[in-house]
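Coordinate inspection notes
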Amino acid sequence: MPDEDAGAVYRAELTPLSFLQRSAAVYRERVAVIDGERRLTYAELGERAARLAGALRAAGVRPGDRVAFLAPNSPALLEAHYGVPLAGAVLVALNTRLAPGEVATILRHSGARLLVVDDELRALAAGAPETVETTVTIGGAGNGYEAWLASATPYAPAGPVPSHEEDLLALDYTSGTTGQPKGVMYSHRGAYLTALAMALECGLSPASVYLWTLPMFHCNGWCFPWAVTAAGATHVCLRRPDPDAAWAAIARHGVTHLCAAPTVLIGLAERAPAGRDRAARPVRAATGGAPPSPTLLARLEEVGVEVTHLYGLTETYGPSAVCAWHPEWDARPAGERAALKARQGVGNVCAGPMRVVDPEGRDVPADGATMGEVVLRGNTVMRGYYRQPEATADAFRHDWFHTGDLGVMHPDGYIELRDRAKDIIISGGENIATIEVEQVLARHPAVLEAAVVATPDERWGERPKAFVTLRPGGSATAGELIAFCRDRLAHFKCPDAVVFGDLPKTSTGKIQKNVLRAREWAGRERGIN
């Protein structure tokens, strides 16, 4: 587009900030946020976001600065999705399940200038580097965050924010498969388009009530902080995805929509209130992270939960693909419906094309059997990895984003994943890099070698299991090694079990993790996403 078109009467920069501006005017008296007994209207949410922006500017935050939030699903974290970019800054929403050292690494890499932390999570921020000039606490004695907002003047920028729709909006950190954190760069434009796609694909409207069972820190909540607001719907905050609390909120607030990893859906299915069935007001649940099993889909259908299968990565703003449903499929047998619904599907309405290619970059036959790597491009692909040009170039080789996922293309154009190109473990929707865990195990003085693979788990889908060879004369118990890991990693990354002995290897000495994994999954099909 020619530069002279910038600022023209027929064009505006795309940004999810416009969603709150509109809803604060059109739906100003509607309830925007429910947090326990607390209620915020859209007018109040808009004012609080502006006050947050004002507080940030008064604290010296300037365009391009990074502002980190370490908080559970709460009004403050929702406000950050608007107030931080309104100030021209970049939001870094931190994973609340990380260890203090991992939090410090991300704060250091992002160069975060200011940190807002929930009182319950202060211990995770204990090692914040000197680059963090200011820390504000949410809740606790004095509730510095509320006082901070109350004393601030709502910020009204003199010019348009952002100045360009490709400006950086957020950094989302993913460990990928190497264990080294990578900051995925989200633009205003990409977030705007993904949010619109989610609102449309999931059927959000002003009558919708969205329950926050998905962490807002995870891919910026799959862009639903912006999608729900765009629809003028109601956000219901849930600090922890407890199934009983979720069902209570569904009943009390008339929840119509939620997003969750399959493990959360398993909890909902198991804890469904007695007497609830498909005749009840349906709840539309979007899921990703692993294909939901046919058994789970059938049980959720029985209790009035309609599942939409999404697929994506941190690098694609969350859901890039959706298993777009054809109404005529409703008449098919339950098993057939479940098989169709478990596929990853097609690009969402705002995404670009999806392909499955061989190592030379050629499309594999659309026969539902020939495997290749899933590659993507288009509006909802990240700008790249922050301060990691080599990793960006590798991910974008041949002008496509390489997902590292192996799948097949069905004759109808729907993609279905079959394996991972690398050894990533997906546990409860969270990625666990096996190399990262292995490196920690190797730091134990008794450990000679270690390999970590996924093992099946009824609750989480997959969990890490360690295979360890001890040094001659070395001594360690499984409990000791697990505790060693838990002192150095987020607990969800640590192995649940340790097996001691020699490791299978190739003729060149490479550990055959595929052999170990095959033993663990013998007789079971591993659902990979």
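Structure: above.
So, here is what we can say about the structure in this document. Note that the structure is predicted; figures quoted are calculated from it, not measured. (Residues numbered from 1 in each chain as written. Predicted model: local features only at pLDDT ≥ 70, side-chain atom pairs only at ≥ 80, totals over all residues. Heavy atoms only, no water.)

This part takes up the overall build of the protein chain. Counting secondary structure elements, the protein chain contains 16 helices and 24 strands. Scaling as 2.2 N^0.38, a compact globule of 529 residues should have a C-alpha radius of gyration of about 24 Å, and the protein chain matches this with 23 Å. Projected onto its principal axes, the C-alpha coordinates of the protein chain cover approximately 65 × 60 × 55 Å. At a minimum sequence separation of 6, the contacts of the protein chain that also span at least 24 residues come to 68%. When the accessible area of the protein chain is evaluated, it comes to approximately 21700 Å², of which 52% is carbon and sulfur surface. (Helix = DSSP H or I, 4+ residues; strand = E, 2+ residues; numbered from the N terminus. Rg over C-alpha atoms; globule rule 2.2 N^0.38 Å. Contact = heavy atoms within 4.5 Å. Areas by Shrake-Rupley, 256 points an atom, 1.4 Å probe, with all protein chains shown as cover.)

Interhelical geometry of helix 6 (residues 188-201) versus helix 8 (residues 224-231) gives an angle of 60° and a closest axis separation of 8 Å. Here helix 6 lies oblique to helix 8, going by the angle between them. Judged by the sense of rotation from one axis to the other, the crossing of helix 6 with helix 8 is right-handed. Contacts from A191, A195, M198 and A199 in helix 6 reach F224, W226 and A227 in helix 8. Residue composition of the contact of helix 6 with helix 8, by class: seven nonpolar, no polar and no charged. (Axes fitted to C-alpha atoms, helices over the stretch in contact; angles between N-to-C directions. Parallel < 35°, antiparallel > 145°, perpendicular 65-115°, else oblique. Left-handed = near helix turned anticlockwise from the far one by under 90°. Nonpolar A, V, L, I, M, F, W, Y, C, P; charged D, E, K, R; others polar.)

Before going further, it helps to spend a moment on the sheet that holds strand 10 (residues 234-236). Sheet strands pair by backbone hydrogen bonding; their relative direction is either parallel or antiparallel. Reading across from one edge, 2-1-10-9-11-12-13-14-15 is the order of the nine strands in this open sheet, with mixed pairing throughout. One side of each edge strand has no neighbouring strand; the edge strands of this open sheet are strand 2 (38-41) and strand 15 (346-347). Bridge analysis of strand 9 (residues 209-211) against strand 11 (residues 257-260) gives two bridges, and the strand direction is parallel. Opposite L211, over in strand 11, you have L258 as the bridge partner. Relative to strand 11, helix 10 (residues 262-270) is tilted by about 125°, and along the sheet it contacts strand 11, strand 12 (283-287) and strand 13 (305-313). (Pairing = 2+ DSSP bridges.)

This paragraph deals with the packing of helix 1 (residues 17-26) against helix 8. One way to put it is that helix 1 packs onto helix 8 with a least axis distance of 8 Å and a crossing angle of 30°. Regarding helix 1 and helix 8, the two cross each other, and that crossing is left-handed. Here F19, L20, R22 and S23 of helix 1 come into contact with helix 8, specifically with W226, T229 and A230. A class-by-class count of the residues in the contact of helix 1 with helix 8 yields four nonpolar, two polar and one charged.

Another point: the nonpolar core. The biggest cluster of nonpolar side chains holds 89 residues, and the ones touching the most others in it are L56, F69, Y145, W148 and F224. Counting residues per element, this core draws most heavily on helix 2 (residues 42-58), at eight residues. Not counting residues within four places of it along the chain, the set of residues in contact with L56 comprises V61, V67, G83, V84, A87, L114 and W148. With 26 residues, the next largest nonpolar core counts A249, I250, L296 and L300 among its residues. (Core = buried A, V, L, I, M, F, W, Y, C linked by side-chain atoms within 4.5 Å. Buried < 20%, exposed > 50% of the residue type's maximum accessible area, 1.4 Å probe, protein only.)

For the rest of this paragraph, the subject is the side chain of S110. Relative to the elements of secondary structure, S110 occurs in helix 4 (residues 100-110). Within the structure, S110 has its side chain in polar contact with the backbone nitrogen of A112 (distance 3.3 Å). Once residues within four sequence positions are removed from consideration, S110 is found in contact with R66, V92, L171, Y173 and Y386. (Polar contact = N/O pair within 3.5 Å; in protein donor to acceptor, adjacent residues only side chain to side chain.)

Here we come to helix 15 (residues 478-486). Every buried residue of helix 15 is listed here: L481, I482, F484 and C485. All buried residues of helix 15 fall inside an arc of 155° around its axis, so they share one side. Buried residues belonging to helix 15 abut helix 14 (434-442), strand 22 (447-457), strand 23 (461-470) and strand 24 (497-500). (Arc of directions from axis to C-beta.)

Right, let's talk about unusual backbone geometry for a bit. Residue V161 is joined to P162 through a cis peptide bond whose omega torsion reads 0°. Among the structural elements, P162 can be located in the loop between helix 5 (144-150) and strand 7 (168-174). A positive phi angle is found at C223, which is not glycine, with a value near 70°. Relative to the elements of secondary structure, C223 occurs in the loop between helix 7 (219-222) and helix 8. We classify C223 as buried; its relative accessible area is 0%.

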